[in-house]
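Structural overview for review
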Amino acid sequence: MTGVQTCALPISGRKPASVAAPAAAPAADTAGPNRWPSQVTVRDQGQRNRIDIAEDLQGPLSIVIHGDDNLVRIGPGCRSQNLRIDVRGHHCEIVVGERCVLAGEFTQRDPRTRLQVGDQTTMMGSKITMHEAGLIRIGTDCMFAGEVRMDTSDMHSILDADTGARLNPPGDIEIGDHVWLGFGTYVLKGVSIGANSVIGACAVVAQDIPEGSLAVGMPARVVRERVTWDRRRLGPDGQPRRD
């Protein structure tokens, strides 16, 4: 049976989720008032969790962990704009690279969920949730506008009425380097977006998008190939503006 949809999350289900767990994290030292930068709030209600926040982090960051053997790491040179991290599972992993700008929510609701964010990626209000085990990997120098959402799961099960088999298993999400997601983009489970691609505002990405593509719509469709993009507002000839 194909093409099954819910009102919120169309099914892709083409890629099985990765369930490999990261190596068990060493126990975190909870002693001392200055273990994290002063603007970082941590509520660790588990055991053997490792929380590594670079000392030069700018801006407020909130971390809540209910579970054991988890890893949260934020690299040097990052700026948080009220980012909230909520981990409710065991053997989970959130690793953010260097010089990122982070606003929104990272939420893990199942054991063995993994989120990896590459260097120099910026987010202006993303909600990244992981309700089932799997991997979300985001490349370097990506740019996410406000209200971007993604999840490895549909959050509930759709079953074949005759066999009882589940029709919408979880799936990993792969976003390549230098990808621009427009305002309100929704990336569904089990898809990949190739490097240098641009996804238009309010698009729903339900299938793979090739490298260097401009895709728009619900569901997203490629409308132009061989594109790339630049954070600067350039002139019509692609050169820096002189005004």
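Summarised in this report is the structure supplied together with it. Since we're looking at a predicted model, the values are computed, not measured. (Residues numbered from 1 in each chain as written. Predicted model: local features only at pLDDT ≥ 70, side-chain atom pairs only at ≥ 80, totals over all residues. Heavy atoms only, no water.)

**Points about the sheet that holds strand β2 (residues 50-53)**
The cut-off we apply is this: At least two DSSP bridges between two strands are required for those strands to pair. By definition, any uninterrupted DSSP run of H or I lasting at least four residues is a helix, any uninterrupted run of E lasting at least two residues is a strand, and each is numbered from the N terminus.
Strand order across the open sheet formed by seven strands is β2-β4-β7-β10-β13-β16-β19, with parallel pairing between neighbours. Across the chains shown, the open sheet's two edge strands, defined by having one partner strand only, are β2 and β19 (192-193). Bridge count between strand β7 (residues 93-96) and strand β10 (residues 113-117): four bridges; the pairing is parallel. Looking across to β10, one finds that E93 is bridged to R114.

**Remarks on the packing of aromatic side chains**
Selection criterion: Any Phe, Tyr or Trp ring, taking Trp's six-membered ring, that has another such ring centre within 6.5 Å forms a pair; planes under 30 degrees apart are called stacked, those over 60 apart edge-to-face, and the others tilted. Only protein chains enter the calculation, and the probe is 1.4 Å; a residue is then buried if its accessible area is under 20% of its type maximum, exposed if over 50%, and partly exposed in between.
Applying the stated criterion across every chain yields a total of one aromatic pair. Judged by centre distance (5.7 Å) and plane angle (55 degrees), the rings of W180 and W229 are tilted. Of this pair, W180 sits in strand β17 (residues 180-181) while W229 sits in the segment after β23 (221-224), and the two are 49 residues apart along the sequence. Residue W180 is classed as partly exposed on the basis of its relative accessible area, which comes to 32%. Residue W229 is classed as buried on the basis of its relative accessible area, which comes to 9%.

**Brief notes about the environment of V64**
In plain terms, the rule: Two residues form a contact once any of their heavy atoms are found within 4.5 Å.
Among the secondary structure elements, V64 is positioned in strand β3 (residues 61-65). A residue is classified by how much of its surface remains accessible, and V64, at 13% relative accessible area, is buried. It is 6.0 Å that separates the C-alpha atoms of V64 and V42, two residues lying 22 residues apart in sequence. Once you skip the residues sitting within four places of it in the chain, V64 turns out to touch R43, I85, D86 and V87.

**As for the sheet that holds strand β21 (residues 204-205)**
Within the open sheet, the eight strands sit side by side as β1-β3-β6-β9-β12-β15-β18-β21. Their pairing is parallel. Two strands bound the open sheet, and with one partner strand each, they are β1 (40-44) and β21. Bridge count for strand β12 (residues 126-130) against strand β15 (residues 149-151) is three bridges, and the pairing is parallel. Bridging from a neighbouring strand, K127 pairs with R149 of β15.

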